[in-house]
Amino acid sequence: MDMNKILRCSVLLSAWCAVAASAGQASTVAAQSAAASPVATFNYGMTNFVQNGTTIYATVPSLNSIAEINSSTLQAQLIGIGSNPEGLALSTDGTTLYVANQGSNFIATLNTQTNHVGTPISLGSGVSPLDVQIGTNGRLWVLTGAQDQFDSIEQISAATGASTGPGLGAYGGQIVTSPNGATLYYGNFGVSPSSEYQYNVSSTDPSVTWSSSLGGNGTSVALSRDGTLVAFPEGGNAENAIIQTSTDLTLGSVQSATNIAFSPDDSIAYTVNSLIQGIRGFSTTTFLQTVNIPTVGNPGTLFVDNAGNYIFSDEGGSTEVYQTGVVPDAATIYLLLLGIAGTCLLHRRRLYRIVV
C-alpha cells in the first residue's frame, strides 16, 4: 500500500473532523442569533395560515380577504372572501380552501387552482363560523359563535353543508384536527382555568379521549406537523406544557406564550407572548431555548413555512416575516461527527499497523 496515500487520507480525514466540529459549534451560534430584521412586511394583520405547496394562504379580517403568498418570493395578492374571515382549512387534495367568515353565516370556498371563489356553505340564519377544520369522509368541523360565549362544534358535509352527526359543546376557543382528520383538539378561551380536549372524530359519533386543565386562560391551540405533540398556550406568567397526544403526558414546558408554532420537522417550538417583543425557539427534546429573534412589534399569531425558512408574525396592524436561522438539528450533527470520527480512527489504526 502507498504510504503517501495513507498519510494524505489521514490528514484529510483529520481536517474533516475539525471542520465538522467547527460546523457543529457554528450551528449552535447561528441558532441563538437568527436574523433580527424582517425580510418582508405586509401592511395588514394575518390571523390564521395554511400552506399548499409553495403557496401560503392567510386570513386578513380587517380587509375581509385572504392573502395568497408565494413562499419563495414572499409576494402576495389579496382575494376578497367575505366578512371578517378567521379560521381556514385546506382540503385533503389541496384543491379547495375553506374559510370561516365570522361576520356572516357561511363557510367560503376558494378553488386553489383557479383562485375562483365558489358557492359558500351556508350554516343557517344566525350561525357564525369562528373556525373550520378538515375531518374524515368528506366532513368539515366548524366552531360556531364568537369568542367568550357558549358555542358549539358542528360536523357538516363539505359538499352540502348538511349535518353529518352530533356536535360538541364549546365556549369560544380554537379547533385543530390531526393530519388524517380522525382526531380533533379543542381549547376554550375566556375562562380560567381553560381546558383542552382531545376527541376521537374518526366516525360520526365523536367521543372525548382525554382532557387537561393547566391553570390559565387559553389563548391558542398548537399541533405539531406530525400530530404527536400539542400545546395549549395560556398567556400569563406560567410556562406552557408540550403534551404527547397519544398519552396526554407532559413531556416538558416552554416559556410563557400566547401562541406557539412548530418547525416543519417539529424539533423547535417557536413561542411569542403578545405583551413583549421577540420570538423564541425551544428544542422539543431538551426544552432549552435555541433561537431568539428580535421583532419590530409585539407578535400575536405565528406561522412557519413548510421549508422552515421564514416565520410570519402578526404584529397588529402589520405582519412581519423573519428568517428562522434554520440549522442542522443536534442529532444530525452528532451522527455526522460520530461517523467521521469512526472513519478517522479506522484509518489511523491502519496507518499505525503499516508503520509498525
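Residues numbered from 1 in each chain as written. Predicted model: local features only at pLDDT ≥ 70, side-chain atom pairs only at ≥ 80, totals over all residues. Heavy atoms only, no water.

**Considering the packing of aromatic side chains**
For clarity, the threshold we go by: Under the pairing criterion, centres of Phe, Tyr and Trp rings, with the six-membered ring standing for Trp, must be within 6.5 Å; the plane angle then separates stacked pairs below 30 degrees from edge-to-face pairs above 60, leaving the rest tilted. In DSSP terms, a helix is any run of H or I states spanning at least four residues, a strand is any run of E spanning at least two, and both are numbered starting from the N terminus. For every residue, the accessible area (1.4 Å probe, protein chains only) is compared with the maximum for its type, and the residue is labelled buried under 20%, exposed over 50%, or partly exposed between those bounds.
For the structure on display, the rule yields eight aromatic pairs. Summarising the aromatic geometry, the rings of Phe-189 and Phe-232 are spaced 6.5 Å apart at their centres and angled 20° between planes, so their arrangement reads as stacked. Taken together, the residues span a long stretch of sequence, with Phe-189 in the loop between β16 (183-187) and β17 (195-200) and Phe-232 in the loop between β20 (229-231) and β21 (240-244) at a distance of 43 residues. The exposure classification of Phe-189 matches that of Phe-232, with both residues buried. Measuring from centroid to centroid gives 6.0 Å for Tyr-197 and Tyr-199, while their planes differ by 20°, and the two rings are stacked. Judged by its relative accessible area of 23%, Tyr-197 is partly exposed.

**Topic: the confidence of the model for the chain**
The cut-off we apply is this: In predicted models, pLDDT denotes the confidence assigned by the predictor to each residue on a 0 to 100 scale. Note on contacts: a residue pair is in contact if any heavy atoms of the two residues lie within 4.5 Å.
Looking at the chain, the pLDDT average stands at 84 and 79% of residues meet or exceed 70. For residues 1-35, every residue scores under 50 in pLDDT, and the model assigns this stretch 44 contacts once sequence neighbours within four places are set aside. Note that residues 327-337 has pLDDT below 50 and, in this model, ten contacts with residues that lie over four places away or in other chains.

**Some words on the sheet that holds β21**
Short version of the rule: In this analysis, strands are considered paired if DSSP registers two or more bridges between them.
Spatially, the four strands line up as an open sheet ordered β19-β20-β21-β22, and their pairing is antiparallel. In this open sheet, the two strands that pair with only one neighbour each are β19 (222-223) and β22 (249-254). Strand direction decides the pairing type here: β19 and β20, joined by two bridges, are antiparallel. When the bridges of β20 are listed, Ala-222 appears paired with Ala-231.

**Digging into the pairing of strand β8 (residues 106-111)**
Note: strand β7 (residues 96-101) against β8, five bridges, orientation antiparallel. Within β8, the residue paired with Tyr-98 across the bridge is Thr-109. Pairing between β8 and strand β10 (residues 121-122): two bridges, direction antiparallel. Within β10, the position partnered with Phe-106 by the bridge is Ser-122. In the sheet, β8 pairs with strand β9 (residues 116-117) via two bridges, with the strands oriented antiparallel. Note on β9: the bridge partner recorded for Leu-110 is Val-117. Where β8 hands over to β9, the hairpin turn is made up of four residues, of which Asn-115 adopts a positive phi near 60°.

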